Amino acid sequence: MNSKPFVAIVFAGLVLSACSPRYQTPTAMGGDDDDAVCQSRGLAVGSPEYVACRKDRDVQRNAAVARSDRRQRDLGEYMLNHPDRP
């Protein structure tokens with residue numbers, strides 16, 4: 001059995017995975033486009049309500065990323081402090 005193609009595929013996967021950083025902020029929350037969501041609420045682009053809608057969505061996205069980072073950090077600390085538990 002020839003293992004060169006397998007090694008090449010694994011190596012290519014590792015190289016491509018480096019292209020997507022962990023801390024990259026998602027462009028949309030929940031699969032929705034912020035602009036489309038705020039416009040679907042009947043808000044005119046450039047109005048104060050539209051700006052507030054976009055800001056609220058940005059705050060929600062940043063809070064979700066912070067929660068995810070905090071959970072990942074807590075899991076890492078737990079694993080370091082409890083090496084006997086899987």
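Scroll up for the structure.
Residues numbered from 1 in each chain as written. Predicted model: local features only at pLDDT ≥ 70, side-chain atom pairs only at ≥ 80, totals over all residues. Heavy atoms only, no water.

**Remarks on the pattern of salt bridges**
Right, on to step 1. Considering all chains together, one arrives at four salt bridges under this definition.
Right, on to step 2. Of the charged contacts, one joins Arg-61 and Asp-34 as a salt bridge, the two residues approaching to 2.3 Å between their closest N and O atoms. In this pair, Arg-61 sits in helix α3 (residues 48-81) while Asp-34 sits in helix α2 (residues 34-40), placing the two residues 27 residues apart along the sequence. No difference in accessibility class separates Arg-61 from Asp-34, as the two residues are buried.
Right, on to step 3. When the shortest N-O distance is used, the salt bridge between Arg-54 and Asp-35 registers 3.9 Å. Here Asp-35 lies in helix α2 and Arg-54 lies in helix α3, a separation of 19 residues in the sequence.
Right, on to step 4. Through salt bridges with shared partners, a single network forms among Asp-34, Arg-57, Asp-58 and Arg-61. (Salt bridge = Lys/Arg side-chain N within 4 Å of Asp/Glu carboxyl O. Helix = DSSP H or I, 4+ residues; strand = E, 2+ residues; numbered from the N terminus. Buried < 20%, exposed > 50% of the residue type's maximum accessible area, 1.4 Å probe, protein only.)

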